[in-house]
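Next come the chains, spelled out residue by residue.
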Amino acid sequence: MAELTHGFRIEEEACDGCLACMRACPTDAIRVKHGKAHVLSESCIDCGSCLKACSRGAITATTRTFEEFDRFAFKVAIPSPVLYGHFPREVRPEHIVDGLLAAGFDAVWDYGIEMRLVTLANVDYVKRWRGPRPVISIMCPVVVRLLQVSYPRMLDQLIRVHPPREIAGREAKRHFSEELGLAPEQIAAIYVTPCQARTVSILQPAEGGRSYLDGSVGLPQVYNTVLAEASEAARTGQRHSAWSPVRSADVLRLTLRRPLTELLTQHRYLSVAGLPNVIRVFDDIEKGKLKDFDYLECYACWGGCANGNLTVDNVYVTLAKLQSLIDELPEIDPETEQEVARRYPHEDYSTPRAPAPRGAAVVGDLRERVRRKQEADRIAAILPGLDCGLCGAPACKVLARDVAAGEAEKGDCVFLSRQRLEELRRMHRRPE
Amino acid sequence: MSCCFRVHGRDFEKAGEASTEIKSLLKDLEVDPQIIRRAVVVAFEAEMNVVMYADEATVTFVLTDEDISIEAVDRGPGIPDVAHAMEEGWSTATDEMREMGFGFGMGLPNIRRNSDLFDISTQVGVGTAVTARIKLDDHG
């Protein structure tokens, strides 16, 4: 398998081996060896928990620098609606367009139309679906990767409809290449992302194939410029841009994880946020529960995308601002409705294939794996079971498994080896 | 490799725990996902039958190089008409059970469908024993 791309990197120099990231990782994908954290790539689902946990700033998100997009003739911003909840109340979406243009984009895309199109496609898909229920949303790339790593049998339940951002990228490229007489490859569709997982999903879609988007920039990367310019435009009332990229409430409502359509407002729709909650619900589905639900929307972040790890404001402020925008906007505007009705029957929204299972490569035959498992159980029985993490693995059971696989030693446990304790003492001695 | 679980009748709170443990064990052993799915369905349905109808049972899981066997031996009412119970959609479940999403008459048929070898023996007033085997392929 080709090496997996992840949305962050660990700077060895800055890492002091404090174990915080390892403890935060929901898939046990981090080990700390010789005082440095490292990632087991196959098990990482790009949730960004480690990024938030690191107080040393040693783990950084890898988004693109803006200059990397200079090779394109024309740059279109496709901002996550979360962006619109990040500014003072007097700064309107149309002012934010000015801010994005000042930040170096040539145009800003109104992606409310694609949101509606994809919602329609989702509803049609759910109605037609004859396989096991519930159908699971692919909006959150972390959830898709969690299924690949931990619930491979449920991958078929992932909806095979592109998320709105992808369809927006495709349409933006088509639109501007036609309008400007440029080749689609000369036009960059750039997602302004609230999390680094989206960046990864663009670089390396779980469904295979290529993303319609050319890359992403993190919201913090453009925030200061956009804030300055948008505030100025709001203050002076002078705008370069005449239109608003947010014309109806439903676009923003999706960001608040509120159902949008008749099907989804019935009891057969569930919305779940926060990785531990998502894991609980997936465990229930594996046990055969929740079959009466049609559609399941899951987000790795508490509070949904407004709480992504590349946002600026705290989630509550962002959600309150989005809500007040929703209150002011019409439910749906005729222009959007017309465009949706015109485009819907002519476009294909389906993804090329279901994401494939992922995880550590299978080692040895069954007999060998049983031997290892029994060995791991034996080792686990002599470990203290306190999950202190000082051995460099997140739990005693994980260390036991690593030892049985020959990737760690029993002596890594401070309860079993005095030497290990001394080593840690030396490594983490505070200056007098 | 084998393990044993006690399952108690009417204990809906803990229902599904044995099959969840069997699942995580098979996952740890990196057994083929299709086989895990079948084994978990078998274990889950067997467990639910005990929870719904019997007093208590022992569920035994055995893994060999050739196959997985799951055996549920319960102390309970037994089944008067086994042929009927093997029909899809036939159930003696109460409304309460149906409200919880069970009792659609798919339990035993589901176990048989997902196993390569299936055996049931029952005695009214004494109990029921269900044995299912799932063959492992070359990849285990």
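Residues numbered from 1 in each chain as written. Chains lettered and ligands numbered in written order. Predicted model: local features only at pLDDT ≥ 70, side-chain atom pairs only at ≥ 80, totals over all residues.

(A) Fine view of the overall build of chain A. Each helix and strand counted, chain A has 16 helices and eleven strands in total. For 432 residues, the compact-globule estimate of 2.2 N^0.38 gives 22 Å, and chain A sits close to it at 24 Å. The dimensions of chain A, computed from C-alpha atoms along their principal axes, are 70 × 60 × 40 Å. Across the 432 residues that make up chain A, the buried fraction comes to 44%. Contacts in chain A between residues at least 24 apart in sequence constitute 77% of all its contacts with a sequence separation of at least 6. (Helix = DSSP H or I, 4+ residues; strand = E, 2+ residues; numbered from the N terminus. Rg over C-alpha atoms; globule rule 2.2 N^0.38 Å. Buried ≥ 20, exposed ≤ 12 C-beta atoms within 10 Å, placed from the backbone. Contact = placed C-beta atoms within 7 Å.)

(B) Local environment of the sheet that holds strand β5 (residues 127-135) of chain B. All names here are of chain B. With antiparallel pairing, the five strands of this open sheet are ordered in space as β1-β2-β3-β5-β4. Sheet topology places β1 (2-8) and β4 (117-123) at the edges, where each strand pairs with a single neighbour. If you compare each strand with its neighbour and ignore which way they point, the axes differ by 10° on average. Strand direction decides the pairing type here: strand β3 (residues 67-75) and β5, joined by seven bridges, are antiparallel. Note that in β5 the partner of I68 across the bridge is I134. (Pairing = 2+ DSSP bridges. Axes fitted to C-alpha atoms, helices over the stretch in contact; angles between N-to-C directions.)

(C) Structural detail: the pairing of strand β8 (residues 187-193) of chain A. All names here are of chain A. Counting buried positions along β8 gives seven out of seven residues, so the element sits mostly inside the fold. Residues of β8 alternate between two faces, with I187, A189, Y191 and T193 on one and A188, I190 and V192 on the opposite face, all of them buried. Where strand β5 (residues 74-79) lies against β8, six bridges are found, and the strand directions are parallel. By the bridge assignment for β8, A77 is matched with I190. As a crossover connection, the stretch from β8 through helix α7 (residues 196-203) into strand β9 (residues 215-218) is right-handed. (Right-handed = clockwise from strand over helix to strand, strands pointing away.)

(D) Structural detail: the nonpolar core. Residues and elements named next belong to chain A. One finds V76 and I78 to be the most contacted residues of the largest nonpolar core, which totals 105 residues. In this structure, this core is formed jointly by two domains, domain 1 (1-62) and domain 2 (66-129 + 155-255 + 301-346), each of which donates at least three residues. When near neighbours in sequence (up to four residues on either side) are disregarded, V76 contacts F105, D106, A107, W109, A172, F176, I187, A188, A189 and I190. (Core = buried A, V, L, I, M, F, W, Y, C linked by C-beta atoms within 7 Å. Domains from an automatic or database assignment.)

(E) Representation of the packing of helix α3 (residues 93-102) of chain A against helix α8 (residues 219-236) of chain A in the model. Residue and element names in this part refer to chain A. The interhelical angle for the contact between α3 and α8, taken along N-to-C directions, is 130°, at an axis separation of 7 Å. Relative to α8, the element α3 is oriented oblique. Handedness of the α3/α8 crossing: right-handed. Here α3 contributes H95, I96, D98, G99, L100 and A102 to the contact with α8, which in turn contributes V222, T225, V226, L227, E229, A230, A233 and A234. A breakdown of the residues in the contact of α3 with α8 according to their chemical character gives nine nonpolar, three polar and two charged. (Parallel < 35°, antiparallel > 145°, perpendicular 65-115°, else oblique. Left-handed = near helix turned anticlockwise from the far one by under 90°. Nonpolar A, V, L, I, M, F, W, Y, C, P; charged D, E, K, R; others polar.)

(F) Structural view of the sheet that holds strand β7 (residues 135-136) of chain A. Residues and elements named next belong to chain A. The three strands are arranged β7-β11-β10 in an open sheet whose pairing can be described as parallel. Looking at strand neighbours, the two that pair on one side only are β7 and β10 (269-273), the edges of this open sheet. Relative to strand β11 (residues 295-299), β7 runs parallel, the two being bridged by two bridges. Note on β11: the bridge partner recorded for I136 is L296.

(G) Region of the structure containing unusual backbone geometry. Residue and element names in this part refer to chain A. Looking along the chain, the bond that leaves R133 and enters P134 is cis, with omega of 0°. By the secondary structure assignment, P134 is in the loop between α4 (112-128) and β7. The phi dihedral of D46 falls on the positive side, at around 60°, and the residue is not glycine. The class for D46 is buried, based on 28 C-beta atoms found within 10 Å.

(H) Highlighting helix α5 (residues 141-150) of chain A. Residues and elements named next belong to chain A. By the criterion of burial, α5 is predominantly enclosed, with nine of the ten residues buried. For α5, every residue scored as buried is listed here: P141, V142, V143, V144, R145, L146, L147, Q148 and S150. Looking at the buried positions of α5, the neighbouring elements they touch are α7, α11 (275-286) and β11.

(I) Molecular detail of the domain arrangement of chain A. All names here are of chain A. We note that the domain assignment places domain 1 (1-62), domain 2 (66-129 + 155-255 + 301-346) and domain 3 (367-432) within chain A. In this structure, domain 1 and domain 3 have C-alpha centres spaced 19 Å apart. Taken together, the ten residues of domain 1 in the interface contact six residues of domain 3. For the side of domain 1 that touches domain 3, the element with the highest residue contribution is strand β2 (residues 30-33), accounting for three residues.

(J) Structural view of the interface of chain B and chain A. Between chain B and chain A, the contact holds 17 residues from the first and 16 residues from the second. Looking at the side of chain B that touches chain A, the elements that each hand over two or more residues are α1 (17-28) and α2 (33-53) of chain B. A breakdown of the residues in the side of chain B that touches chain A according to their chemical character gives seven nonpolar, five polar and five charged.

(K) Structural context of the pairing of β2(A). Residue and element names in this part refer to chain A. Strand direction decides the pairing type here: β2 and strand β3 (residues 36-39), joined by four bridges, are antiparallel. Pairing of K33 across the sheet is with K36, part of β3. With antiparallel pairing between neighbouring strands as the criterion, β2 and β3 make up a hairpin whose turn holds two residues, including H34 at a positive phi of roughly 50°.

(L) Quick look at the environment of A:A188. Residue and element names in this part refer to chain A. Within the element layout of this structure, A188 appears in strand β8. Each C-alpha atom, one on A188 and one on E423, is 51 Å from the other, the two residues being 235 residues apart in sequence. Discounting residues that sit within four places of it in the chain, A188 has contacts with F69, F72, F74, K75, V76 and D214.

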